[in-house]
Amino acid sequence: MQEQYDILRSKTLKKTVQLNSLTFVCALMAAVFSYFAYSSLQELQQASNNRYHSYLLTEQLRLSSDQLTLMARTYAVTGKEKYLDFFNQILAIRNGRQDRPENYHRVYWDMLMPAQGEAPFANGQRIPLQQLMKQAGFTQQEFAQLQQAQQVSDKLTELEFMAFNEVKNALSRLTPYKLAAEREAALAHLYSQDYLAAKARIMSHINEFYSLQENRTNRQVEATASKHSLMTILALASFIILLLILMLNFRLRHKMNRQFIDLLEKEVDTQTEHIRSKNEQLTESLEIMETAKNQLVESEKMASLGSLVAGVAHEINTPVGVGVTAVTTLQEEIALLRESADNNNLTKNLLIETIDIFQHSTDMIFSNLMRVSSLIKSFKHVAVDQAHDEIRTLELRESVQDVVDSIMPKYKYYQVEVKVDIDSKINCKTYPGALAQIITNLVINAFFHAFDKEQTGQIHISAKEQKGWVTLVITDNGKGMDTKIRDNIFEPFYTTKRNKGGTGLGMHIVYNLVTQKLSGQITCESEPAKGTRFEIIFPYQLKSPTLQASD
C-alpha cells in the first residue's frame, strides 16, 4: 500500500511540476502582453491627443490668417485704430511677442470687436505658434509648406500695408473718412485680384500643410491602434492558453485525487475491518468492566450499609453493657434483701437504701434502653429504605436526621458538629433509600476528607422548597478542594485517599442517584481552606416510573 502510494505521489509530483512550470510561463506571457497592451492603449490615447492637439494648432494657423484679413479690411472700412491694433496683436501673439490667451483656439477676437468687448480668456505664456508646432512633433515637410505660405504672404502684407497707408492718409484729411478717396483706394487694395490670388496661394499651402499633418497623425494613430490590437490579441491568447492549462491541471489533479481516494478507500476498508475486530474485543472488555463497576458500586453500597451496621452495633454495645451491669447490681441487691428478710435482719434503713439502688438502677436501665431503641429505630428506617427503595412521601427533616443519627456513632470521636436545619413542613415524595444513600455518602465524605479527628468544624444541612423543586444544601467549613479535584469529584474511581482505603465510587454513586434516581442535578463549589458546598435540586413530587412512562 505504501509503495503504491509513493509511486503515485511521485508521478503526480512530476506532472504537477511540469504543469506548474508551463502555467508560470503562460502567466508571465499573459502579464507581459497585458502590460504591452496597456502601454499601447496609452500610446493610442496619446496619439489621439496629439492628433487633436495638432488639429487645434493647424486651426489656429488658418484662423489667424483669416482674422488678419478680417481686421485689415475692417480697419479699411471703418478707419478705427483698434482694428489696426487687433491686426498687430494677432501677429504678435502668432510670433510669440505677446502673451497667448488660454484656449486661443476658440472664439476670441469676435468677442473684442464690439465697442465694449472683453477678452473671454486670461493670458498665458509668450510662445510662438511655430514653436508650439515643433513641440507637437510637426515634420520638416510640414514646416516647409508653412515657409512657402510665409513667402507668399509677403505679397499679401505689401498690399495690406499699402492699404493701411491709404487709411492713414484719409484719416489725416479734414474731409469725412467715408468720403475720402484714399478709403476707396485702401479697399481696392484689400479686395483686389492680386490680394485674393495671394490669399488663395497662402491657403493652398496651408491646405497642403493640413493634408500632411492629417496623414502623419492618422498614420501614427493607425500604427498605435494596430500595435494595441496585436498586444490585446496576444494577451487574450495567453489568457486562453493559461485557462486551458489550468483546466488540464485541474483535470489531472482530479484524476490523481481519484486514484488517491481509491487507495485510501482500500486502506480504510482494511483498517475498518481491523477496527471492527478491535471494537468487538473492546465491547467485551467494556461489558466486563461495566459488570465489575456495577459490582464495585453494589459493594460500595453494601460497605456503606455495613459500616452503618458496625457503627450502630458499636454504639448499642455501650448502653446494653450499662443495662447488664445495672441488672447484675439489681440481682445482687435483691439477693441481699432476701437474705436480710430470711434472717430477720431487714431494717427500715436497709430497705430504703435498697429501694434507692433499685430506683437508680431502673432509671439507668430505662435511659439506656431508650437510647438503644432510638438507635435501632433510626437504623431500621435507613436500612429498610435502602433495602426496599420505593417512592413514598416522607418528612424531609426527620429522614435526614435519622440518617445523621445512624452515622454519628462511628464518628463520635470527631470534634465536628452535624446540624440539620430543615423545616419540618417539607414533605416530599421521592425515593427515601436513594436520598439516605446520598446523605450518607456526602456526610461520610466530609468526615473522611474535610476534617481530621483533632479538627473542630461543622457540617450544615439545609433545604427549601420552591416552585415544585426541593433544594438540599450540604456545606462544611473543612479543608476544601482545589480546581482539579473539584472538577473530577464525580468521576468514577477518582479519589485522593486511595492509600487510605478510598475507592473513588462514593461521589460517583451520589451523582448517579441524584441525576438518574431522583431526576435532579447536583453541583459542587469549593476552594482550598474555604470549605465545600454541595447543592442538590430534585422534584418535590417525583412521579412513579409507570406514570412517567405513561406521560
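For the structure itself, consult the block above.
What comes next is a walk through the structure. In this text the structure is predicted, and so the values were computed from the model without any measurement.

## Regarding helix α2 (residues 81–95)
- The end-to-end C-alpha distance of α2, which contains 15 residues, comes to 21 Å, matching closely the 21 Å that a straight helix rising 1.5 Å per residue would cover.
- Burial in α2 covers these residues: Tyr83, Leu84, Phe86, Phe87, Ile90, Leu91, Ala92 and Ile93.
- One or two positions beyond α2, positive phi appears at glycine 96, with a value near 85°.

## Observations regarding the environment of lysine 517
- Here lysine 517 is to be found in helix α11 (residues 506–517).
- By relative accessible area, which is 32% here, lysine 517 ends up partly exposed.

## Looking at the pattern of salt bridges
- Going through the model one piece at a time under the given rule, you end up with 9 salt bridges.
- Residues glutamate 182 and arginine 173 are paired through a salt bridge, measuring 2.4 Å at the closest nitrogen-oxygen approach.
- Ionic pairing is found between arginine 183 and glutamate 184, a salt bridge with its closest N-O pair at 3.3 Å.

## Details of a positive patch on the surface
- Residues Lys11, Lys15, Arg251 and Lys255 make up a contiguous surface patch of positive charge.
- Elements represented by at least two residues in the positive patch include exactly α1 (2–78) and α6 (193–342).
- By secondary structure assignment, the location of lysine 15 is in helix α1.
- Overall, lysine 15 belongs to the partly exposed group, its relative accessible area being 38%.

## Considering the side chain of serine 526
- Within the fold, serine 526 resides in strand β6 (residues 521–526).
- We classify serine 526 as buried; its relative accessible area is 7%.
- Here the side chain of serine 526 touches threonine 532 through a polar contact of 3.0 Å, side chain to side chain.
- Apart from the residues within four sequence positions on either side, serine 526 is in contact with Gly480, Met481, Arg486, Gly531 and Thr532.

## Overview of a nonpolar patch on the surface
- Nonpolar side chains collect at one region of the surface, where Phe24, Val25, Leu28, Met29, Val32, Tyr35 and Phe36 lie side by side and expose about 670 Å² of accessible area between them.
- Structurally, leucine 28 is set in helix α1.
- Taking the relative accessible area as the measure of exposure, leucine 28 reaches 46% and is therefore partly exposed.

## Section: the packing of aromatic side chains
- Taken as a whole and judged by the stated rule, the model has 10 aromatic pairs.
- Summarising the aromatic geometry, the rings of tyrosine 83 and phenylalanine 86 are spaced 6.0 Å apart at their centres and angled 85° between planes, so their arrangement reads as edge-to-face. Of this pair, tyrosine 83 and phenylalanine 86 both sit in helix α2, 3 residues apart, roughly one helical turn.
- Taking relative accessible area as the criterion, phenylalanine 86 reaches 9% and is therefore assigned buried.
- Over the face of the ring belonging to tyrosine 191 we find arginine 73, whose NZ or CZ atom lies 4.3 Å from the ring centre.
- Stacked on the ring of tyrosine 431, the Lys or Arg lysine 517 has its end atom at 4.5 Å from the ring centre.

## Here we look at the sheet that holds strand β2 (residues 415–421)
- Taking strand neighbours across the sheet as the criterion, the 5 strands line up as β2-β4-β5-β7-β6 in an open arrangement whose pairing is mixed. Of all strands in the sheet, those bounded by a partner on one side alone are β2 and β6. Going from strand to strand, the sheet's axes swing by 10° on average, the running direction of each strand aside.
- Judged from the 7 bridges that link them, β2 and strand β4 (residues 456–466) form a sheet pairing that is parallel. Among the inter-strand pairings, valine 416 is bridged to a residue of β4, identified as glycine 457.

So, how was this worked out
Residues numbered from 1 in each chain as written. Predicted model: local features only at pLDDT ≥ 70, side-chain atom pairs only at ≥ 80, totals over all residues. Heavy atoms only, no water. Helix = DSSP H or I, 4+ residues; strand = E, 2+ residues; numbered from the N terminus. Expected span 1.5 Å × (residues − 1). Buried < 20%, exposed > 50% of the residue type's maximum accessible area, 1.4 Å probe, protein only. Salt bridge = Lys/Arg side-chain N within 4 Å of Asp/Glu carboxyl O. Patch = residues over 30% accessible without salt bridge, like charges linked within 9 Å, V, L, I, M, F, W, Y side chains within 5 Å. Areas by Shrake-Rupley, 256 points an atom, 1.4 Å probe, with all protein chains shown as cover. Lys, Arg positive; Asp, Glu negative; His and termini not counted. Charge placed at Lys NZ, Arg CZ, Asp CG, Glu CD. Polar contact = N/O pair within 3.5 Å; in protein donor to acceptor, adjacent residues only side chain to side chain. Contact = heavy atoms within 4.5 Å. Phe/Tyr/Trp six-rings, centres within 6.5 Å; stacked < 30°, edge-to-face > 60°. Lys NZ or Arg CZ within 6 Å of the ring centre and 35° of its normal. Pairing = 2+ DSSP bridges. Axes fitted to C-alpha atoms, helices over the stretch in contact; angles between N-to-C directions.

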